[in-house]
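Residue-level structural notes
Letter by letter, the chains look like this.
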Amino acid sequence: MTLWRLEWIRLVRTRRLVGLMAVYVFLGLMAPPLARYLPDIISSSATGDMTIVAPPARPVDGVSGYASNAAQIGLLVFVFVVAAALALDAQREMAVFLRTRVPSYRDLLLPRYITAVGAGAVCFVLGALVAWCGTIAWIGTLDVAGVVTGTALGVVYLAFVGALTAAFASRLDGAVITAVSTLGVALALGIVGAIGHIGQWLPSNLLSAMGSLAAGGGDPMSYGRSVVVTIVATLALLALAVRLGNRREL
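Residues numbered from 1 in each chain as written. Predicted model: local features only at pLDDT ≥ 70, side-chain atom pairs only at ≥ 80, totals over all residues. Heavy atoms only, no water.

**As for the side chain of E7**
For clarity, the threshold we go by: Each helix is a run of H or I in the DSSP string that is no shorter than four residues. Each strand is a run of E no shorter than two, and both are numbered from the N terminus. The cut-offs for exposure are 20% and 50% of the maximum accessible area for each residue type, with area from a 1.4 Å probe on protein chains only; residues under the lower value are buried, those over the upper are exposed, and the others partly exposed. Contacts between residues were defined by any pair of non-hydrogen atoms, one from each residue, lying within 4.5 Å.
Mapping E7 onto the fold places it in helix α1 (residues 3–13). Here E7 falls in the buried class, since its relative accessible area comes to 5%. Leave out the neighbours within four places in its chain, and E7 touches P111, R112 and T115.

Structure, rendered in structure tokens:
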């Protein structure tokens, strides 16, 4: 049995794939109707002489709501699933067994990274498709190119987060501490990205792409700097993970 097949079986039999898919599809299902009826809910919550006037829902609110929830709840689940796959040394007996039979840490890391991140990306895209269809049904049409481009940029961000998880996993022993460390850095990048123009260069900038581009008014090229930095950082983090993993003693 190859390592690639082993990782796929592990992903399926541990029900991590089912969990990922359930989370992203649920977020995609809930975002459009919530965006559609939220103004009515807000308006009806007024009491006494107070009047609350909420703007009507726009088609972009459906997918932007999904993107926002996917960047929070979805990312949380994604990171824990990826950390569970990449924390090679969490079970020492298994780590010794694999490391003494596989010549390079890279050969252990890549099947796990590509399988876990690829599964998360597919589930994210599936959730985006559900949110897109729901938005058309509940609210109205969207810019097709904008939705597709925004979704693709979201996948690029997930690949970066997966590589960040791999770098932590190469030095830390447990899946939980690896996931918490990754989420901490991701949160810090989001906070730093809100300061001035520096956010245009950070991977966290890609999180807003779906909502911005789906409206049809955004420029995809405005995310070019973030894409370049994210891709370079992803490759660098994977290289760092391999280097640290090879130097780690059993």
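**Points about a nonpolar patch on the surface**
Quick note on the threshold: Residues enter patches when their relative accessible area tops 30% and they take part in no salt bridge; the joining distance is 9 Å for like charges and 5 Å for the nonpolar side chains Val, Leu, Ile, Met, Phe, Trp and Tyr. To measure how exposed things are, a 1.4 Å probe is used in the Shrake-Rupley method; for residues, cover is taken only from the protein chains shown. Throughout this description, the term salt bridge denotes a Lys or Arg side-chain nitrogen within 4 Å of a carboxyl oxygen of Asp or Glu.
On the surface, a nonpolar cluster with roughly 480 Å² of combined accessible area is contributed by L34, Y37, L38, I41 and W138. Among the elements that take part in the nonpolar patch, helix α2 (residues 16–44) stands out by supplying four residues, more than any other. Within the fold, L38 resides in helix α2.

**Side note on the environment of V180**
Its location among the elements puts V180 in helix α7 (residues 175–193). What makes V180 partly exposed here is its relative accessible area of 44%. A C-alpha to C-alpha distance of 9.9 Å links V180 and F168, two positions 12 residues apart in sequence.

**Overview of the side chain of T165**
What counts is decided by this rule: Counted as a polar contact is a pair of N or O atoms within 3.5 Å, where, for protein atoms, one must be capable of donating a hydrogen and the other of accepting one, and residues adjacent in sequence contribute only when both atoms are in side chains.
The topology assignment puts T165 in helix α6 (residues 144–169). Given the relative accessible area of 0%, T165 is considered buried. A polar contact of 2.8 Å, which involves the side chain of T165, links it to the backbone oxygen of V161. Discounting chain neighbours no more than four positions away, the residues touching T165 are V79, V82, A83, L86, T178 and T182.

**As for the nonpolar core**
Going by this rule: Residues belong to one nonpolar core when they are buried, are Ala, Val, Leu, Ile, Met, Phe, Trp, Tyr or Cys, and are joined through side-chain atoms within 4.5 Å.
Core analysis: the largest hydrophobic core is formed by 59 residues, its most contacted members being Y24, Y66 and F78. For this core, the leading source of residues is helix α3 (residues 59–86), giving 13 residues. Y66 has contacts with Y24, L27, G28, A31, C123, F124, G127, A128, A131 and M210, leaving out every residue within four places of it along the chain.

**Some words on the packing of α3 against α6**
Basically, it comes down to this: Lines are fitted to the C-alpha atoms to define the axes, a helix being fitted only along its stretch in contact, and any angle between axes, read from their N-to-C directions, falls within 0 to 180 degrees. Note that the term roughly parallel is reserved for angles under 35 degrees, roughly antiparallel for angles over 145, roughly perpendicular for angles of 65 to 115, and oblique for everything else. Rotating anticlockwise by less than a right angle from the far helix to the near helix defines a left-handed crossing, while the corresponding clockwise rotation defines a right-handed one.
Running from amino to carboxyl end, α3 crosses α6 at an angle of 45°, the nearest separation of the two axes being 9 Å. The angle between α3 and α6 places the two elements in the oblique class. Along this stretch, α3 crosses α6, giving a crossing that reads as right-handed. Where α3 abuts α6, its residues L75, F78, V79, V82, A83 and L86 lie against Y157, L158, V161, G162, T165, A166 and A169.

Purely spatial values, then, with no claim about function.
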